[in-house]
Amino acid sequence: MRSALLLVVAAACAPYPQRVNQPVTIPNNANIPQLEGADAAAAQQAEYAQLRYSADSVYALAIRGCQPGICDAIGRGEIVLGMSPDQVMAAAKTGPQAWVVRRFDGFGTMVPASQSATPYDRVGQVMVVQLDQGRAAVVSRRGPQGIMVASTPQDQTTQARARAQAEALVREGDDLVAANDMAGALNRYDRASVLDPDQPEIEYKAARLLDLQLRPQEALMRYQRFLLSMELERIRAQGEANARLAEAIALAQQRVIVLRGEVPR
C-alpha cells in the first residue's frame, strides 16, 4: 500500500512535457490548393504586368516623332496606312506578343499571333497588315459584312468604308434572293441604301422586291428614287458605260406608270 501511494505521488509531481512549435514538414508531392492558387494569381499578375509594360513601351516608341496624322490615328485607336509596325501595335493597343511579323526584301506582313485573340482597332477586327518598306500599305479587317481592305488613302475615309459595307450587304441580299429569302434580301438592301444613299442600283433592287411582294406604295417610292438618282441626261451622255442599266431604267419607268394607277389616292 505504501509503495503504491509513493508511485502515485511521484507521477503527480513529474513535470509536464514541453510543447515545441516545430515547423510543419510538407512532402514535395503534396497538393496544396491555397498555395497553388496564390502562385497562379501571382504568375498571372506578373504576366499582365509584362504585357502592360510591353504595350506601354511600344506606345512610347510609336509616338516618338510621329507625323500629326499618324499620332492622331494612334490616339483614336485606328490603324492607318503609313504606320510603322510599332505604330500599328500602339493603335491596336497591343504589344509584340499579339503579332507575328514577317519581313522579306523590304516587304512584310503582320498577322495575329493567336486566332482566338485577334487584335481590334476602332474600325474592326484586324486580320493582316501588309508592309511596304516598313510601313503599312494594305490593312485587311473583318467587319460585320465581311472582309474590308484599305490600300489607298481614299479607302480609309468614313464614306469609303460605308460604301464597302453597302457593297457587301448588296452581295448578301443577292445571295438571299437566289435562296428565295425575299424578306432577308430586302433587309440587306434597305441597310445598304442607308449606308450608300447615292447608289441607284440599290434602290432598284429594293423596288423590285417590294413590287414582287405586292407592296405598291413602297415600290413606287423606290422606283422614283431610282429614276431620280440616275440623272438620265448624264447617263445618256456616258453611252455604253451605263448600257447595263438601260433595261432597269425602262422597267422602272413602266412600273411607275402602272403603280400610280394601283396606289389608292
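Residues numbered from 1 in each chain as written. Predicted model: local features only at pLDDT ≥ 70, side-chain atom pairs only at ≥ 80, totals over all residues. Heavy atoms only, no water.

1. Thoughts on the pattern of salt bridges
Move 1: Considering all chains together, one arrives at eleven salt bridges under this definition.
Move 2: Across the salt bridge formed by D190 and R222, the nearest N and O atoms sit 3.0 Å from each other. Residue D190 is located in helix 6 (residues 182-195), and its partner R222 is located in helix 8 (residues 216-230); the two are separated by 32 residues in the primary sequence.
Move 3: We classify D190 as partly exposed; its relative accessible area is 30%.
Move 4: Connected via shared salt-bridge partners are D190, E203, R222 and R225. (Salt bridge = Lys/Arg side-chain N within 4 Å of Asp/Glu carboxyl O. Helix = DSSP H or I, 4+ residues; strand = E, 2+ residues; numbered from the N terminus. Buried < 20%, exposed > 50% of the residue type's maximum accessible area, 1.4 Å probe, protein only.)

2. Details of helix 7 (residues 200-212)
Move 1: For helix 7, with 13 residues, the first-to-last C-alpha span of 19 Å sits near the 18 Å given by 1.5 Å per residue.
Move 2: Looking one or two residues past helix 7, L214 carries a phi angle of roughly 60 degrees, positive in sign. (Expected span 1.5 Å × (residues − 1).)

3. Focus: the pairing of strand 4 (residues 135-143)
Move 1: Bridging between strand 3 (residues 125-132) and strand 4 involves seven bridges; their strand directions are antiparallel. Of the residues in strand 4, the one forming a bridge with Q130 is V138.
Move 2: Turn length for the strand 3-strand 4 hairpin, with the two strands adjacent in sequence and antiparallel, is two residues, and the turn residue Q133 shows positive phi of about 55 degrees. (Pairing = 2+ DSSP bridges.)

4. What about unusual backbone geometry?
Move 1: Its identity is not glycine, yet D105 carries a phi of approximately 50 degrees, on the positive side.
Move 2: Relative to the elements of secondary structure, D105 occurs in the loop between strand 1 (99-104) and strand 2 (107-112).
Move 3: The phi angle at L214 is positive, at roughly 60 degrees, despite the residue not being glycine.
Move 4: Considering the arrangement of structural elements, one finds L214 in the loop between helix 7 and helix 8.

5. Here's the deal with the state of the cysteines
Chemically, a disulfide is nothing more than a covalent bond linking the sulfur atoms of two cysteines.
Move 1: Counted under the stated rule, the structure contains one disulfide.
Move 2: Put simply, C66 and C71 are joined by a disulfide, and their sulfur atoms are 1.5 Å apart. The S-S bond linking C66 to C71 shows a torsion near 85 degrees; that makes this disulfide right-handed.
Move 3: The class of C66 is buried, set by a relative accessible area of 15%. (Disulfide = S-S within 2.5 Å.)

Such coordinate-based values are descriptive only and should not be taken to indicate function.
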